[in-house]
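The lines below spell out each chain.
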Amino acid sequence: PDLKAARGPCPTHGWQYVDPKGNVQGPFSLPEMQHWYSRRYFSSSLPMRCSANERFVPFGELFPPHLVPFQSAPMRPAPKNPATQH
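For clarity, every value in this text was computed on a predicted model and none was experimentally measured.

1. Some details on helix α1 (residues 30-38)
Working step 1: Looking only at α1, the buried set comprises L30, M33 and W36. With its buried residues spanning 130 degrees around the axis, α1 presents them on a single face. Relative to its buried face, α1 has exposed residues pointing more than 90 degrees away, namely P31 and S38.
Working step 2: Among the structural elements, β2 (15-18), β3 (24-28) and β4 (47-49) are those in contact with the buried residues of α1.

Okay, structure coming up:
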């Protein structure tokens with residue numbers, strides 16, 4: 001997919017996810033997300049984003065196996081560039 005590594009640290013706020021009922025939850029802070037991750041609340045398929053300006057992507061794509069979730073910078077969706085859409 002069109003994901004790229006973010007520059008800089010993991011975002012500290014603005015985290016949202018889509019719960020199993022299809023409801024958007026959040027925004028949440030980074031410490032909240034770290035706590036819930038430590039409790040194994042997030043499946044790899046859970047749609048998540050760290051900015052309201054981005055699309056939701058599966059948790060496992062935001063943080064592939066080589067990244068440490070909520071410590072490493074996530075693999076964020078590439079911004080949509082209107083000039084490249086036809």
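2. Thoughts on the pairing of β2
Working step 1: Alternating residues of β2 divide into W15 and Y17 and Q16 and V18, and every residue in both groups is buried.
Working step 2: Bridge count for β2 against β3 is 3 bridges, and the pairing is antiparallel. Looking across to β3, one finds that W15 is bridged to F28.
Working step 3: Count of turn residues in the β2/β3 antiparallel hairpin: 5 residues, of which G22 carries a positive phi of about 90 degrees.
Working step 4: Bridge analysis of β2 against β4 gives 2 bridges, and the strand direction is antiparallel. In the sheet register, Y17 faces β4, and the bridge partner there is M48.

3. Observations regarding the packing of aromatic side chains
Working step 1: Scanning the entire structure with this criterion turns up 12 aromatic pairs.
Working step 2: With 5.9 Å between their ring centres and 20 degrees between their planes, Y17 and F28 make a pair best called stacked. Of the two residues, Y17 sits in strand β2 while F28 sits in strand β3, which places them 11 residues apart along the sequence. Neither Y17 nor F28 differs from the other in exposure class; each is buried.
Working step 3: Their ring planes at 55 degrees and their centres at 5.1 Å tell us that F63 and F70 sit as a pair that is tilted. Take F63 and F70: they sit in the same class, and that class is buried.

Rules of the game
Residues numbered from 1 in each chain as written. Predicted model: local features only at pLDDT ≥ 70, side-chain atom pairs only at ≥ 80, totals over all residues. Heavy atoms only, no water. Buried < 20%, exposed > 50% of the residue type's maximum accessible area, 1.4 Å probe, protein only. Helix = DSSP H or I, 4+ residues; strand = E, 2+ residues; numbered from the N terminus. Arc of directions from axis to C-beta. Contact = heavy atoms within 4.5 Å. Pairing = 2+ DSSP bridges. Phe/Tyr/Trp six-rings, centres within 6.5 Å; stacked < 30°, edge-to-face > 60°.

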